[in-house]
Amino acid sequence: MTQGPVDATRTEAWARLASLADGFTPDLRRALADDEWVERSTVAAADLHVDLSKNLVTPEIWKALHALVDEVGLDARREAMFRGDHINVTEDRAVLHTALRLPSEAELEVDGQDVVADVHDVLHRVYDFAEQVRSGEWTGVTGERIATVVNIGIGGSDLGPVMAYEALAPYVQDGLECRFISNIDPTDAAQTLAGLDPATTLFIVSSKTFGTLETLTNARLCKAWLLEGLAGHDDGEAVAQHFVAVSTALDKVADFGIDPDNAFGFWDWVGGRYSMDSAIGTSLVVAIGPDRFAELLEGMNAMDEHFRTAPTEHNVPVLMGLLNVWYTNFLDAQTHAVLPYAQQLHRFPAYLQQLTMESNGKGVRWDGTPVTSDTGEVFWGEPGTNGQHAFYQLIHQGTRLVPADFIAVARPAYPLVDGEADVHELFLANFFAQTKALAFGKTADEVRSEGTAEHLVSARVFTGNRPTTSIMAPELTPSVLGQLVALYEHITFVQGVVWGIDSFDQWGVELGKQLAQQVTPAVAGDAEALADQDASTRSLIDYYRRHRTR
Ligand SMILES: O=P(O)(O)OC[C@H]1O[C@](O)(CO)[C@@H](O)[C@@H]1O
């Protein structure tokens, strides 16, 4: 029988961390006066420059965190993932998103499958297709070239592609745009399709399972919209020219009416939230082109290599994952903010919400035993400086500890000036100032020295010692985006290993899906089904039915 996960809370390192946390009084002012501390706390991974010095840790805490990594057996678990062991225990699957970005000369055979060959085979098909669309060789049924690609998908089949499309907007080919439909709220389809010309629109139905209610419903809506708009043309030809699919279930793609020749596959060892670099990224490949997509994969692979080979003391995903464990389990933090000082990354926090919370929002470990500590923190965030004028007040002066990752690049995509002022520099000044203000705060004496009336002093005091990690890169290139995505994938993995959970299943999403099916007839007016509901659900459905028509 396979041995269960190590219970981290029974390790010596955990006990040591608990005693270090007891009565811990951080002093970032003192730490940040020390160049050596900052130097030792600054690490690099591929093109990312990561300053960990503004975190609430000491050398003793780092030592204990490093010992924790050894005691929970991170090295072995990481190797097991890269090797293709079935570490997704509850679904009995390998976890091989890292194989999606292996170079073609790499070798990896798992469960009798030549993984690298299969990955590159699909990649080349996706690349060929993308080139045809980009060059105008692939046309719609009227012979016009495609101007808009609409990705229909949800969760991992949407969040990654839309995040990356927004992040890499400067690389999108002129004359092409992508739109994304995910929500089953009909508003999403209606608004996304508004103004589009069916003759120049191509749909990509992206669904790992090809059984997701939202995606299939939206795909049918789009098909009806297309066929109505292209009335007079042969329906089969219209679908063939305007619909492609991405899925692991190619039989279901065919059932839906999409020609398997127009479908791109992937494999059950790619989790939905880890799939943007599989064929799920087809819309992105069309938008930015195969060369740029290949750079994204290279960036991810560079981070994978770093994660796999860098020693713990310099291993950025390991260090960041350990910090998250420290804050969650020893300093009682419940959330984690991700604050990109790069407008192009405005969907990055939303993307990370699925990655981190669907992965680590678990209450049992991978052997089915209950966890013995808190797990997955709530990830959230907005791009700076919008967040500054919304929720930073709570981070600066609230009663809760909110560790935050700040992300910025040195070279902006759009270098605009306001008179003499370089606007990107103004933006970055805010980034530096915020992390500084959070760390240093402002003492009562400092407030008084500004001439503040005594009765207002306490309201203007900032305790400081609010932890941040600063991540910088030269520019938001496809490679850097890939590095960022892989960085957070591996941070998530590290935390999951410490907590002993299966970070690759998502059973928690199922109950709501099942109940939606059970509730649907009641919503549609079936009296018997309505009677089966609880009092609150009955009353809500009743309200809906009374107000559904004007
Ligand atoms: O790609 P599919 O199979 O349509 O699933 C969409 C999403 O639904 C989930 O299964 C549950 O939210 C995600 O893990 C997945 O990304």
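Please read all numbers here as calculations on a predicted model, not as lab measurements.

1. A few points about the site of the ligand
As a structural note, the neighbourhood of the ligand is formed by 13 residues, with Ser157, Ser207, Thr209, Thr212 and Glu358 the closest of them. A distance of 2.5 Å separates an oxygen atom of the ligand from a polar side-chain atom of Thr212. Contacts to the ligand include Gln354, whose side-chain N or O atom sits 3.2 Å from an oxygen atom. Isolated, the ligand exposes 390 Å² of accessible area, and the fraction of that covered by the protein chains is 89%.

2. Focus on the pairing of strand β10 (residues 335–341)
Most of β10 is tucked away: six of the seven residues are buried. Direction of pairing for β10 relative to strand β11 (residues 378–380): parallel, over a ladder of three bridges. The partner of His336 across the bridge, within β11, is Phe379. On the question of chirality, the crossover connecting β10 to the parallel β11 by way of helix α15 (residues 348–360) is right-handed. Relative to strand β12 (residues 404–411), β10 is paired through five bridges, and the arrangement is parallel.

3. Description of empty space enclosed by the protein
Think of a ball as big as a water molecule: rolled over the atoms, this probe shows where empty space is left. Under the definition given, this model contains four cavities of 30 Å³ or more. Lining the largest cavity are 15 residues, with Val122, Leu123, Asp277, Ser278 and Ala279 sitting closest to its centre. Listed by contribution, the elements that provide at least two residues to the lining of the largest cavity are α6 (115–135) and α12 (282–288). In terms of residue count, the dominant contributor to the lining of the largest cavity is α6 (four residues). For the lining of the largest cavity, a count of residues per class yields ten nonpolar, four polar and one charged.

4. Structural notes on the packing of helix α4 (residues 59–72) against helix α14 (residues 316–330)
Interaxial distance between α4 and α14 falls to 10 Å at its minimum, and their mutual angle equals 105°. Relative to α14, the element α4 is oriented roughly perpendicular. Only Val318, Leu319, Leu322, Leu323, Val325 and Trp326 of α14 make contact with α4, whose side of the interface consists of Ile61, Trp62, Leu65, His66, Leu68 and Val69. Of the residues that constitute the contact of α4 with α14, the class distribution is eleven nonpolar, one polar and no charged.

5. Some details on the packing of helix α13 (residues 290–309) against α14
Between α13 and α14, whose axes approach to 7 Å, the crossing angle comes to 70°. In terms of orientation, α13 and α14 fall into the roughly perpendicular class. Together, Met303, His306 and Phe307 of α13 and Val316, Pro317 and Val318 of α14 make up the contact between the two elements. Here the contact of α13 with α14 is built from residues that sort into five nonpolar, one polar and no charged.

6. Thoughts on the environment of Glu382
Turning to its location among the elements, Glu382 is positioned in the loop between β11 and α16 (392–397). Residue classification places Glu382 among the partly exposed residues on the basis of a relative accessible area of 40%. Between the C-alpha atom of Glu382 and that of Pro340, which follows or precedes it by 42 residues, the distance is 7.0 Å. Excluding residues that lie within four positions of it along the chain, Glu382 makes contacts with Val338, Leu339, Pro340, Pro349, Gly387 and Phe391.

7. Some details on the layout of surface pockets
Considering only enclosed or pocket space, the largest pocket measures out at about 760 Å³ in volume. Around the largest pocket, the lining comprises 34 residues; the ones closest to its centre are Thr209, Thr212, Glu358, Gln506 and Lys513. Tallied by class, residues from the lining of the largest pocket come to ten nonpolar, 15 polar and nine charged. Estimates place the volume of the second largest pocket at around 430 Å³. In this structure, the second largest pocket is lined by 21 residues; those nearest its centre are Gln343, Gln344, Pro412, Ala413 and Tyr414. For the lining of the second largest pocket, the secondary structure elements donating two or more residues are β12 and α17 (423–440). Here the lining of the second largest pocket gets three residues from one element, more than from any other, and that element is α17. Residue composition of the lining of the second largest pocket, grouped by class: 13 nonpolar, five polar and three charged. Two domains each put at least three residues into the lining of the second largest pocket: domain 1 (30–92 + 294–501) and domain 2 (118–288).

8. Some remarks on the UniProt feature "active site" (unreviewed entry) in the chain
Under the UniProt annotation, "active site" (unreviewed entry) lies at Glu358, His389 and Lys513. Spanning 156 residues, the annotated positions stay apart in the fold, the maximum distance between their C-alpha atoms being 36.7 Å. Among the annotated residues just listed, those that line the largest pocket are Glu358 and Lys513. Mapped onto the secondary structure, Glu358 falls in helix α15. Not counting residues up to four positions away in its chain, the partners in contact with Glu358 are Arg273, Gln353, Asp505, Gln506 and Val509. Within the local environment of Glu358, its side chain forms a polar contact with the side chain of Arg273, the two groups lying 2.9 Å apart. Of note, His389 is situated in the loop between β11 and α16.

9. Some points on the sheet that holds strand β15 (residues 468–475)
Spatial ordering of the open sheet is given by β1-β2-β15-β12-β10-β11, a layout of six strands whose pairing is mixed. One side of each edge strand has no neighbouring strand; the edge strands of this open sheet are β1 (42–45) and β11. Taking each pair of neighbouring strands and ignoring which way they run, the sheet shows an average axis angle of 20°. This element, α14, spans β1, β2 (48–51), β10, β11, β12 and β15 of the sheet and lies at about 130° to β1. Sheet strands touched by α15: β10, β11 and β12. Its angle to β11, the strand with the most contacts, is close to 165°.

Thresholds applied
- Residues numbered from 1 in each chain as written.
- Predicted model: local features only at pLDDT ≥ 70, side-chain atom pairs only at ≥ 80, totals over all residues.
- Heavy atoms only, no water.
- Near = heavy atom within 4 Å.
- Polar contact = N/O pair within 3.5 Å; in protein donor to acceptor, adjacent residues only side chain to side chain.
- Areas by Shrake-Rupley, 256 points an atom, 1.4 Å probe, with all protein chains shown as cover.
- Buried < 20%, exposed > 50% of the residue type's maximum accessible area, 1.4 Å probe, protein only.
- Helix = DSSP H or I, 4+ residues; strand = E, 2+ residues; numbered from the N terminus.
- Pairing = 2+ DSSP bridges.
- Right-handed = clockwise from strand over helix to strand, strands pointing away.
- 1 Å grid on protein atoms, 1.4 Å probe; cavity = no way out; pocket = protein on both sides within 12 Å on 5 of 7 lines; lining within 4 Å.
- Points joined across faces, edges and corners; volume = space filled by probe spheres on them.
- Nonpolar A, V, L, I, M, F, W, Y, C, P; charged D, E, K, R; others polar.
- Axes fitted to C-alpha atoms, helices over the stretch in contact; angles between N-to-C directions.
- Parallel < 35°, antiparallel > 145°, perpendicular 65-115°, else oblique.
- Contact = heavy atoms within 4.5 Å.
- Domains from an automatic or database assignment.
- UniProt positions renumbered as here; feature names shortened; annotations may be inferred.

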